[in-house]
Amino acid sequence: MRRLLVGAVLASSVLAVASGAEAKAPPNGFKLCGPSACAPLSGNDAETVAISLFYGAGIRFVGPNVAPSEFYVLRWQFPNQREESGYYVPGGRVVRLFGSALGGSTSFDMSVSWLRPSPQALQILSRLSAGIQTLPAPKVVRVTVGGQAASDPASYLRLWAVGTPKLPVHPGGWLRVRMTTVTPTPWSDSLTDVRVSRRGGWLYRDGTFFRVPAKFAARIRARVSLR
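Residues numbered from 1 in each chain as written. Predicted model: local features only at pLDDT ≥ 70, side-chain atom pairs only at ≥ 80, totals over all residues. Heavy atoms only, no water.

**Some details on the overall build of the protein chain**
Along the protein chain, the regular secondary structure elements total 5 helices and 14 strands. Sorting the 227 residues of the protein chain into buried and exposed places 50% on the buried side. In the protein chain, 67% of the contacts between residues at least 6 apart in sequence involve partners at least 24 apart. Counting only carbon and sulfur atoms, one obtains 52% of the accessible surface of the protein chain, whose full area is about 10,600 Å². (Helix = DSSP H or I, 4+ residues; strand = E, 2+ residues; numbered from the N terminus. Buried < 20%, exposed > 50% of the residue type's maximum accessible area, 1.4 Å probe, protein only. Contact = heavy atoms within 4.5 Å. Areas by Shrake-Rupley, 256 points an atom, 1.4 Å probe, with all protein chains shown as cover.)

Next comes the structure, spelled out in C-alpha cells:
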C-alpha cells in the first residue's frame, strides 16, 4: 500500500558513501534552510541524521498524511553527486525525501517518501531549526483537476489531511490534481502526485491510496470549493 522505500529515495547517493565503520554523513554535512538563512549540521549530529534518513535507523514511514504547514529545506551533497534536498516539516515531525521521478500521467510513481526520523534525529533537527525562520505554509494560487481549473484553489489543501489508507476498489481510472503555489513546497512541488478516482471515493497522494467520502471525491471531480 505504501510504496515508500528509502533505498529508492536516495540509492544514487548512498552508493557514494562507504559502508561499515566509515562516515555515513555527506562530507560537508547538511544545511537546514529557511527563506533567508541556512544552519550547518556536521560532526556526530550529521552522522545521526544521515544514519536515520539514508540507512533507515529508527525511521517510520508515515505516508503523505501531513496537513500543509510551515517547513524547512534540508540540503546535502555527496562526492561526485549533484546536490540533493528534502523537506523537514516540524509541525508534523516528518521529512519528505525525493527519489527518481519516473514521469508519466498514468503510472503510479515512487518519487518521494514521507518518513518520521528517529527520535534522536528529530531532536537534532528541532534544535538546529530553533534560530531559523520557517518557510511559510503553501499559498495555492491555482488548482486543476484533470487539466481543468477548479474553484477556490486554497480549499484544495484539504486533500492532504483526509482519508484512511486503503487499496482502491473499482476506482474507474484517475484524474490528476495539480496545485500551483507561489513557491515549491512539500505539498506542491514538481514531484507531488495527487489524484482522485473517476468514481467512488478514492484519493492517491505521493505513493499511498486513501479512502475518502464519496461525496467529497465527487466535489473534487466537479472542481468546486471544498470548504
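**Describing helix 5 (residues 214-222)**
Of all the positions in helix 5, only Phe216, Ala217, Ile220 and Arg221 are classed as buried. Each buried residue of helix 5 sits inside an arc of 140° when the element is viewed along its axis, so together they form one side. Looking at the buried side of helix 5, the elements it contacts are strand 8 (140-145), strand 11 (174-181), strand 12 (194-197) and strand 13 (202-205). Backbone geometry just after helix 5 places arginine 223 at a positive phi near 65°. (Arc of directions from axis to C-beta.)

**Brief notes about the sheet that holds strand 6 (residues 94-98)**
Reading across the sheet, the 7 strands line up as 2-1-4-5-6-7-3 and stay open at both edges, with antiparallel pairing between neighbours. Both edges of this open sheet fall to strand 2 (38-41) and strand 3 (60-61), since each of them pairs with a single strand only. Against the sheet, helix 3 (residues 43-55) makes contact with strand 1 (30-33), strand 2, strand 4 (72-76), strand 6 and strand 7 (112-116), and its axis sits at roughly 85° relative to strand 1, the strand it touches most. (Pairing = 2+ DSSP bridges. Axes fitted to C-alpha atoms, helices over the stretch in contact; angles between N-to-C directions.)

**Description of the sheet that holds strand 8**
Backbone hydrogen bonds are what pair the strands of a sheet, in a parallel or an antiparallel way. Taken together, the 7 strands give an open sheet; going across it, the order is 9-8-11-12-13-14-10, and neighbouring strands pair in antiparallel fashion. Each having just a single partner strand, strand 9 (148-149) and strand 10 (164-165) make up the two edges of the open sheet. Two strands pair when backbone bridges link them, and strand 13 and strand 14 (residues 208-211) are joined in this way by 4 bridges, in the antiparallel orientation. Its bridge partner lying in strand 14, tyrosine 204 is registered against phenylalanine 209. Contacts from helix 5 reach strand 8, strand 11, strand 12 and strand 13 within the one sheet, and its direction differs from that of strand 12 by about 110°.

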